[in-house]
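Coordinate analysis (summary)
If you want the building blocks of each chain, they are given just below.
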Amino acid sequence: MLIKNKTLTKNKIILLVLILLIIGGAVAYFTRPKETPQMAEYRNVARHVLSTHKKSHWQKNAFIACTSEDCMSVEQSAPVEVKGGPPAVDDEILTMFQADSHGNLVLSESARLNIEKLYALNTPEELAEKMQKLSGALPEMAHRQVGNLLDYYEKYTQNLVEAYPPEVEPVSLGDMLERFRGMHDLRLAYFGADAASAFYAAEEKITLQLLYLMANEKDESLSLEEKAQRAQHILQTSPELAAAYDPDRE
């Protein structure tokens, strides 16, 4: 009888502990800080953007363009080493791009910046002249892909300006998130997921870090510009803190 009573007491204690644990968990769940609408909106945009970033490990952030003319997908490849001394200043075009051993264009963030440079700083006549000069430095396929990318970039830029006129500035973090997502989707539409990733993934990750810090800002008296400046300062001066807001960890 004594043994039976001890067993009942032990079972009651275990049941009581389980009940307390359940109650404690429920209290913690319902009393935890609620996520702000801004942060929830940020997480939706971050998941959308990061889901399209290429998952493979990049080698020096370099990719080659596909063998098809539309240049809409890429694969990893090491660029061909450029032999000879540095070109003359007038021949800068000759070192803007590289081809791989199969004659395809190597895509990277620097290649995208050079596409932007050619588009922004040259008249149509000057661009045609430089493309002619470039034909002597790149294989036919890579040269054609540069031309295609210039065409894609022109259409992307025109659509971007129409969708988000430069004179219309965002007035809230929600506007910034909507614009960022829209820009990302335009890049996917014009360059394809792989090429857009090679061109813009590193830049988009930094933008996501800034937006996270802005969404997490507690001082609501700050203007949107002041929040952006504070977030930028954190990224520049506190690498450990910035790492904690790495969007890949979201």
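Residues numbered from 1 in each chain as written. Predicted model: local features only at pLDDT ≥ 70, side-chain atom pairs only at ≥ 80, totals over all residues. Heavy atoms only, no water.

We now examine the environment of E116. Relative to the assigned elements, E116 resides in helix α3 (residues 109–121). With 41 residues separating them in the primary sequence, E116 and T157 have C-alpha atoms 9.7 Å apart. Once residues within four sequence positions are removed from consideration, E116 is found in contact with Y153 and Y200. (Helix = DSSP H or I, 4+ residues; strand = E, 2+ residues; numbered from the N terminus. Contact = heavy atoms within 4.5 Å.)

In the structure shown here, the tally under the stated rule is 10 salt bridges. The residue D151 makes a salt bridge to K155 at a minimum N-O spacing of 2.7 Å. Placement of the pair is D151 and K155 together in helix α5 (residues 140–163), with a separation of 4 residues, close to one helical turn. Given the relative accessible area of 39%, K155 is considered partly exposed. Of the charged contacts, one joins R230 and E217 as a salt bridge, the two residues approaching to 3.1 Å between their closest N and O atoms. Of this pair, R230 sits in helix α8 (residues 224–237) while E217 is found in the loop between α7 (193–215) and α8, placing the two residues 13 residues apart along the sequence. Exposure remark for E217: the relative accessible area of 12% places this residue in the buried category. A cluster of three or more residues bridged by salt bridges with shared partners is formed by E109, R112, E116, R187, E203 and E204. (Salt bridge = Lys/Arg side-chain N within 4 Å of Asp/Glu carboxyl O. Buried < 20%, exposed > 50% of the residue type's maximum accessible area, 1.4 Å probe, protein only.)

Between α3 and α7, the least distance of the axes is 7 Å, while the angle of their chain directions is 100°. The angle between α3 and α7 places the two elements in the roughly perpendicular class. Residue-level contacts link E109, A111, R112 and E116 of α3 to A198, F199, Y200, A202 and E203 of α7. In the contact of α3 with α7, the residues fall into 5 nonpolar, no polar and 4 charged. (Axes fitted to C-alpha atoms, helices over the stretch in contact; angles between N-to-C directions. Parallel < 35°, antiparallel > 145°, perpendicular 65-115°, else oblique. Nonpolar A, V, L, I, M, F, W, Y, C, P; charged D, E, K, R; others polar.)

This next bit is on the nonpolar core. Grouped together as the largest cluster of nonpolar side chains are 29 residues, with contacts concentrated most on F97, V146, L149 and F191. Of all the secondary-structure elements, those providing two or more residues to this core are α3, α4 (124–134), α5, α6 (173–191) and α7. Looking at this core, the element that brings in the most residues is α5, giving 8 residues. If you look at the next biggest cluster of nonpolar residues, it comprises 19 residues, including Y42, L208, L210 and L213. (Core = buried A, V, L, I, M, F, W, Y, C linked by side-chain atoms within 4.5 Å.)

In this section: helix α2 (residues 37–50). The terminal C-alpha atoms of α2, which comprises 14 residues, lie 20 Å apart, in line with the 20 Å expected from a rise of 1.5 Å per residue. Buried within α2 are the following residues: M39, Y42, V45, A46, V49 and L50. Across the axial projection of α2, the buried residues extend over an arc of 125°, all falling on one side. Exposed residues lying more than 90 degrees from the buried face of α2 are P37 and R47. (Expected span 1.5 Å × (residues − 1). Arc of directions from axis to C-beta.)

Closest axis-to-axis distance for the α6/α7 pair is 10 Å, and the angle between their directions is 175°. When the axes of α6 and α7 are compared, the pair comes out roughly antiparallel. Residues L173, M176, L177, F180, H184, R187, L188 and F191 of α6 pack against A193, A195, A196, F199, Y200, E203, E204, T207, L208, L211, M214 and A215 of α7. In terms of residue class, the contact of α6 with α7 is built from 15 nonpolar, 2 polar and 3 charged.

Let us now look at the side chain of K227. Structurally, K227 is set in helix α8. For K227, a relative accessible area of 8% gives the class buried. If we ignore the near neighbours within four places in the chain, the residues touching K227 are M214, E217, D219, E220 and L222.

Turning to the packing of aromatic side chains, a few remarks are in order. Taken as a whole, this structure holds 10 aromatic pairs when the rule is applied. Taken together, a centroid distance of 6.0 Å and an interplanar angle of 50° make the contact between Y153 and Y156 tilted. Remark: Y156 and Y153 occur in helix α5; sequence separation between them is 3 residues, near one turn of the helix. For the residue pair Y153 and Y156, the accessibility class agrees, reading buried in each case. (Phe/Tyr/Trp six-rings, centres within 6.5 Å; stacked < 30°, edge-to-face > 60°.)

Low-pLDDT portions of the prediction should not be read for the details of their coordinates. For the protein chain, the mean per-residue pLDDT works out to 79, and 68% of the residues sit at or above 70. The low-confidence segment residues 56–70, where pLDDT is below 50, has 57 contacts with residues more than four positions distant or belonging to other chains. (pLDDT = per-residue confidence, 0-100.)

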